[in-house]
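These are the residues of each chain, in order.
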Amino acid sequence: MLNKFINTLKSLLFINRYKMNINSRLKLIQSNIDNLEADLSSKLDITPRFSEDLTIQNICESITRLNSKIKDIEFILANVLNMVSLINPEAIGFNSQNHRKKIFKELTAAINFENIIETGTFLGDTTYWISQHSKLPIYTTETNNIYYCISKKRFLILNNQKLFISNLDSRKFLKQIFDANNILNRKVLIYLDSHWDQDLPLLDEINFICAKSVEFVVMIDDFKVPFDEGYGFDDYGGMNVFNLEYIKDCIIKFGLSVFFPALHSSSETGAKRGCVVLTNNPKFEQIILKKVPSLKKNF
Ligand SMILES: C[S@@+](CC[C@H](N)C(=O)[O-])C[C@H]1O[C@@H](n2cnc3c(N)ncnc32)[C@H](O)[C@@H]1O
């Protein structure tokens, strides 16, 4: 419907170029865009930025902006309609990576964790998968309002009393749950996946967790796996590449043990994103070495 509207605007701009007085056409377009933007603004918090300069370029930019918002809406709607209860739970979560799920299963079977924490909920696919494979309390956070609302709605269907979602920045969230939920002195499995934009909370997250007296295993998504180019990883430019160099100071400062997937990327499924697993606990390190064959230690 909205796409149709945009297409109509585009054709007004480009096809009927010579059939209508340019000023009336631009005014008509302006008023249509104003209406549409105002309507979308109220629903999606888009501030209208199109008012004084009535030029073809501005109108085109406005249309492009609206088109990209419409794509977002369509994507979100598709995900909302694809309700969690209808999804085959084995097909989603952890980037649809079977080996990554195996790592998670082996870790939770080998170590008696008391809590699971995720940063970066997105649409809740991994949170959902974890909730199906663990009876533990799960805490997750998402800053994007729309993703947060969708996930919250999806989680309602699960009626899982142990699943808690927050709308906080991961750094504030970690501080809050560590303080409020008595996480200190507990065994926690933490999935750090709140990286997406230029503001990268990863180092703050690791430093915060390491400074607390918790016994943890941390899994970081989108991390470069040494000697296996087939696993994808995040590269935000400059020094901001998710590789061992990026977290080197934390590893040294807190004496962390480092593990990578034992499986070659060619046999992994789904998005084949790399990951790293860290622990500060020598007991956990030994358990992983003995009971988690899906991981190999980085020496
Ligand atoms: C890679 S996605 C997470 C995917 C999700 N864990 C999954 O497995 O389906 C990253 C998400 O983190 C969110 N995000 C980015 N920065 C954040 C922050 N500082 N705190 C919390 N969430 C953040 C983004 O909005 C995005 O939805």
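Note that the structure is a prediction, hence the values are computed from the model and not measured.

The rules behind the values
- Residues numbered from 1 in each chain as written.
- Predicted model: local features only at pLDDT ≥ 70, side-chain atom pairs only at ≥ 80, totals over all residues.
- Buried ≥ 20, exposed ≤ 12 C-beta atoms within 10 Å, placed from the backbone.
- Helix = DSSP H or I, 4+ residues; strand = E, 2+ residues; numbered from the N terminus.
- Pairing = 2+ DSSP bridges.
- Right-handed = clockwise from strand over helix to strand, strands pointing away.
- Expected span 1.5 Å × (residues − 1).
- Arc of directions from axis to C-beta.
- Axes fitted to C-alpha atoms, helices over the stretch in contact; angles between N-to-C directions.
- Contact = placed C-beta atoms within 7 Å.
- pLDDT = per-residue confidence, 0-100.
- Near = placed C-beta within 6 Å.
- Nonpolar A, V, L, I, M, F, W, Y, C, P; charged D, E, K, R; others polar.
- Parallel < 35°, antiparallel > 145°, perpendicular 65-115°, else oblique.
- Left-handed = near helix turned anticlockwise from the far one by under 90°.

**Student:** Residue-level account of the pairing of strand β5 (residues 215–221), with values.
**Tutor:** For β5, a buried count of six out of seven residues is recorded, marking the element as mostly surrounded by other parts of the structure. In the sheet, strand β4 (residues 187–192) pairs with β5 via six bridges, with the strands oriented parallel. Directly across from Val188, in β5, lies its bridge partner Phe216. Read as a crossover between parallel neighbours, the route from β4 over helix α8 (residues 202–211) to β5 is right-handed. Of the pairings in the sheet, the one linking β5 to strand β7 (residues 275–279) comprises five bridges and is antiparallel in character. When the sheet's bridge partners are listed, Ile220 is paired in β7 with Val276.

**Student:** Residue-level account of the environment of Tyr246, with values.
**Tutor:** Structurally, Tyr246 can be placed in helix α9 (residues 244–254). In this structure Tyr246 comes out as buried when scored by C-beta crowding, with 21 C-beta atoms within 10 Å. In this structure, the C-alpha to C-alpha distance between Tyr246 and Leu202, residues 44 residues apart in sequence, is 9.8 Å.

**Student:** Please set out helix α6 (residues 145–158) residue by residue, giving values where relevant.
**Tutor:** In this model, α6 (14 residues) spans 20 Å end to end at C-alpha, consistent with the 20 Å of a helix rising 1.5 Å per residue. Among the residues making up α6, those that are buried are Tyr148, Ile150, Ser151, Arg154 and Phe155. Down the axis of α6, the buried set is contained in an arc of 165°. They therefore lie on one face. Exposed side chains of α6 directed beyond 90 degrees from the buried face belong to Asn145, Leu156 and Ile157. One or two steps after α6, the chain reaches Asn159, where phi turns positive at roughly 50°.

**Student:** So what about the sheet that holds strand β2 (residues 138–141)? Which residues, and what values?
**Tutor:** Across the sheet, eight strands lie side by side as β3-β2-β1-β4-β5-β7-β6-β8; this open sheet has mixed pairing. In the strand order of this sheet, the two ends are held by β3 (163–166) and β8 (295–297), each with one partner. Strand-to-strand twist across the sheet, computed as the mean angle between neighbouring axes with direction ignored, equals 20°. Here helix α5 (residues 125–133) sits on the sheet in contact with β1 (115–119), β2, β3 and β4, set at roughly 180° to β2.

**Student:** Could you give an account of the confidence of the model for the protein, with specific residues and numbers?
**Tutor:** Scored by pLDDT, the protein comes out at a mean of 84, with 77% of its residues at no less than 70. Counting contacts from residues 8–20, a segment whose pLDDT is below 50, to residues more than four positions away or on other chains yields ten contacts.

**Student:** Pulling in residues and values, what's your account of the site of the ligand?
**Tutor:** Neighbouring residues of the ligand: 18 residues in total, closest Gly120, Phe122, Thr126, Ser170 and Ser194. Going through the elements one at a time, β1 and α5 are the ones with two or more residues in the shell around the ligand. Taken together, the residues that form the shell around the ligand break down as four nonpolar, eight polar and six charged.

**Student:** Lay out unusual backbone geometry in plain terms, naming residues and giving numbers.
**Tutor:** With the exception of glycine, most residues fall at negative phi, and the peptide bonds are largely trans. The backbone of Phe122 sits at a positive phi, close to 55°, despite the residue not being glycine. Within the secondary structure, Phe122 sits in the loop between β1 and α5. We classify Phe122 as partly exposed; it has 19 C-beta atoms within 10 Å. Residue Lys272 is not a glycine yet carries a positive backbone phi of 50°.

**Student:** So what's going on with the pairing of β2? Residues and values would help.
**Tutor:** Residues Ile138 and Thr140 line one face of β2 and the alternating positions Tyr139 and Thr141 line the opposite face, and both faces are buried. Following the chain from β1 across α5 to the adjacent parallel β2, one finds a crossover that is right-handed. Examined bridge by bridge, β2 and β3 share four bridges and lie parallel to one another. Following the sheet pairing, Tyr139 is matched in β3 by Phe164. Regarding the hand of the β-α-β motif, the stretch spanning β2, α6 and β3 is right-handed.

**Student:** Could you give an account of the packing of helix α7 (residues 170–180) against α8, naming the residues involved and the relevant values?
**Tutor:** Any two packed helices are characterised by how steeply their axes cross, that is the angle between the axes, and by the distance between the axes. Between α7 and α8, the shortest axis-to-axis distance is 9 Å and the interhelical angle comes to 15°. Viewed along their axes, α7 and α8 adopt a mutual orientation that is roughly parallel. As α7 packs across α8, the resulting crossing turns out to be right-handed. Together, Ser170, Arg171, Leu174 and Lys175 of α7 and Asp204, Glu205, Phe208 and Ile209 of α8 make up the contact between the two elements. Of the residues belonging to the contact of α7 with α8, the class tally is three nonpolar, one polar and four charged.

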